[in-house]
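# Descriptive analysis of the structure
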Amino acid sequence: MIGRLNHVAIAVPDLAAGTAVYRDVLGAKVSEPQSLPEHGVTVVFVELPNTKVELLEPLGEASPIAAFLEKSPSGGIHHMCYEVDDILAARDRMLSEGARVLGDGEPKTGAHNKPVLFLHPKDFCGTLVELEQA
Ligand code: CO
């Protein structure tokens, strides 16, 4: 069911420093920062030939990545995002397989203005999974 790897998201304590690593050390193309208050993050996109890396920095008091960075202060891989053709069909399949869909189970609009859902890491090999309708 899942298709392309849309992105790997890395939580970082300092977005400017993370940008410098990917742009200046690794030589990648990195976007301007984009604040997403409804998701509690500021993000930059690293464009690679075959996928993207998103660097996420906490935004606001209740950022969903704050606890992650407390446990991993230098940053780390936060989630993997896989593309699906039909987000509601994908959700129903996950539920019928006994997997947990986070939140109220309704898709939200993600960083690329596409509907997304998150799946419980304990049901997916210890990794938070984002599904994005392609
Ligand atoms: Co993501």
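Look a little higher up for the structure.
Throughout what follows, the structure given in this document is the object of discussion.

### What to know about helix 1 (residues 15–25)
Each full turn of the α-helix corresponds to 3.6 residues, which orients residues three or four apart in the same direction. Every buried residue of helix 1 is accounted for by Leu 15, Gly 18, Thr 19 and Tyr 22. Buried residues in helix 1, looked at end-on, bunch into an arc of 100 degrees, giving them a common side. Turned more than 90 degrees away from the buried face of helix 1 sit Ala 16, Asp 24 and Val 25, all of them exposed. Along its buried surface, helix 1 packs onto strand 1 (5–11), strand 2 (29–30), strand 4 (41–47) and strand 5 (52–58). Measuring from the backbone nitrogen of Ala 16 back to the side-chain oxygen at the start of helix 1 gives 3.0 Å, which picks out Asp 14 as the cap. Two residues or fewer past helix 1, Gly 27 is found with a positive phi of approximately 75 degrees.

### Structural notes on the environment of Glu 132
Topologically, Glu 132 is positioned in strand 9 (residues 128–133). Here Glu 132 falls in the buried class, since its relative accessible area comes to 2%. In the structure, Glu 132 is positioned 50 residues away from Tyr 82 in sequence and 6.3 Å away in space, judged by C-alpha atoms. Residue contacts for Glu 132: discarding those within four places in its chain leaves Asn 6, His 7, Cys 81, Tyr 82, Glu 83, Val 84, Ile 87, His 112, Lys 114, Pro 115 and Val 116.

### Observations regarding the coordination of the cobalt ion
Those protein atoms acting as donors to the cobalt ion are His 7 (NE2), His 79 (NE2) and Glu 130 (OE), and they sit at 2.0 to 2.1 Å. When the donors of the cobalt ion are listed by position in the chain, the intervening gaps give H-x71-H-x50-E. Within this pair, whereas His 7 is found in strand 1, its partner Glu 130 is found in strand 9, the two being separated by 123 residues in sequence. With a relative accessible area of 1%, His 7 lands in the buried category.

Conventions we followed
- Residues numbered from 1 in each chain as written.
- Predicted model: local features only at pLDDT ≥ 70, side-chain atom pairs only at ≥ 80, totals over all residues.
- Heavy atoms only, no water.
- Buried < 20%, exposed > 50% of the residue type's maximum accessible area, 1.4 Å probe, protein only.
- Helix = DSSP H or I, 4+ residues; strand = E, 2+ residues; numbered from the N terminus.
- Arc of directions from axis to C-beta.
- Contact = heavy atoms within 4.5 Å.
- Polar contact = N/O pair within 3.5 Å; in protein donor to acceptor, adjacent residues only side chain to side chain.
- Donors = N, O, S within 2.8 Å, 3.2 Å for Na, K, Ca; no water.

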